[in-house]
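Residues per chain, in single letters:
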Amino acid sequence: MTNKTKPEAKAETRTAAESAAPAAPTADSTGQVGGEQAGADQTAVNDEAFEVLAKLQAENAELKDRLLRTLAEVENVRRRGERELNDARQYAIAKFAGDMLGVADNMERALASVPAGARETDEAVKALMEGVELTEKEMLRSLEKHGVKKLDPKGERFDPNFHQAMFEVPDPSVPNGTVAQVVQVGYSIGTRVLRPAMVGVARGGPKQAAEAEKQA
């Protein structure tokens, strides 16, 4: 067996060690692995940011809906308060006005009870009647300032909301449903009836005219 020299032995030893050692990663493979990792990290960050954005948008939509509901409720409360306040102002004197209707009725009866010729022949009666008429007009004027109006619907179409039919009057000269006679005047306050007018309603007249009035 031939003995090898020391340099040759060292060379063989180094070659065997290099063949046994794993191959060192190249620059290209290192860059590729690093790029894949960076891309995965960026995707995770994007997904997390999208989830946060979606959550914020959902919360914003919910808060906007709550705000709109709250504003609508506040507006409803405001309108209801205004309506109740207007009703309180308009109908606060309803009881007082109702009590005053008896006074108005008595004045009207007093004027109706005086004989027709007495006013022309008796100066005292004439002065008394003029005073009662002026007092009645002033009282009605004061009631109207507070929304109370007199209902004397003779010749008007019968309205069950403000009139109370007491009897029928055969009268073919006027349309059906026309108020032919007023037994007692009524009064309204605002859009409500304070006391319905008691009336007699015409029957026997042309129906088409009554329907035309109704539609008008």
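Residues numbered from 1 in each chain as written. Predicted model: local features only at pLDDT ≥ 70, side-chain atom pairs only at ≥ 80, totals over all residues. Heavy atoms only, no water.

Visitor: Can you break down the overall build of the protein residue by residue, with the values?
Guide: What the protein contains, in helices and strands, is six helices and six strands. Going through the 216 residues of the protein one by one, you find that 16% of them count as buried. Total accessible area computed for the protein in this model is approximately 16200 Å², and 56% of it derives from carbon and sulfur atoms. (Helix = DSSP H or I, 4+ residues; strand = E, 2+ residues; numbered from the N terminus. Buried < 20%, exposed > 50% of the residue type's maximum accessible area, 1.4 Å probe, protein only. Areas by Shrake-Rupley, 256 points an atom, 1.4 Å probe, with all protein chains shown as cover.)

Visitor: Report on the nonpolar core, specifying residues and quantitative values.
Guide: By size, the foremost hydrophobic cluster in this structure holds eleven residues: Tyr91, Ala97, Leu101, Ala104, Met139, Leu140, Leu143, Val148, Val185, Tyr187 and Ile189. Elements that contribute at least two residues to this core include exactly α3 (94–113), α5 (123–145) and β4 (186–189). The residues touching Tyr187, leaving out its near neighbours within four places in the chain, are Leu101, Ala104, Leu140, Val148, Lys149, Lys150, Leu151, Val193, Leu194 and Arg195. By size, the runner-up hydrophobic cluster in this structure holds five residues, among which are Leu151, Val179, Ala197 and Val199. (Core = buried A, V, L, I, M, F, W, Y, C linked by side-chain atoms within 4.5 Å. Contact = heavy atoms within 4.5 Å.)

Visitor: Help me get a handle on α3, residues and values and all.
Guide: With 20 residues, α3 should reach 28 Å at 1.5 Å per residue; the first-to-last C-alpha distance of 29 Å fits that figure. Of the positions making up α3, those classed as buried are Ala97, Leu101, Ala104, Asp105, Met107 and Leu111. Of the surrounding secondary structure, the elements contacted by the buried residues of α3 are α5, β1 (148–151), β3 (179–184), β4 and β5 (192–195). (Expected span 1.5 Å × (residues − 1).)

Visitor: Run through the pairing of β4, naming residues and quoting values.
Guide: Side chains of β4 alternate between two faces, with Gly186 and Ser188 and Tyr187 and Ile189 buried alike. Where β1 meets β4, four bridges bridge the pair, whose relative direction is antiparallel. Counterpart to Val148 in the pairing with β4 is Ile189. Hairpin connection of β4 to β5: two residues between the antiparallel strands, including Gly190 at a positive phi of 65°. (Pairing = 2+ DSSP bridges.)

Visitor: Provide a residue-level description of the sheet that holds strand β6 (residues 197–203), including the pertinent values.
Guide: Overall, mixed pairing links the three strands, which are arranged β2-β6-β3 in an open sheet. Sheet topology places β2 (163–170) and β3 at the edges, where each strand pairs with a single neighbour. Mean inter-strand twist for the sheet, computed between neighbouring axes without regard to direction, equals 30°. (Axes fitted to C-alpha atoms, helices over the stretch in contact; angles between N-to-C directions.)

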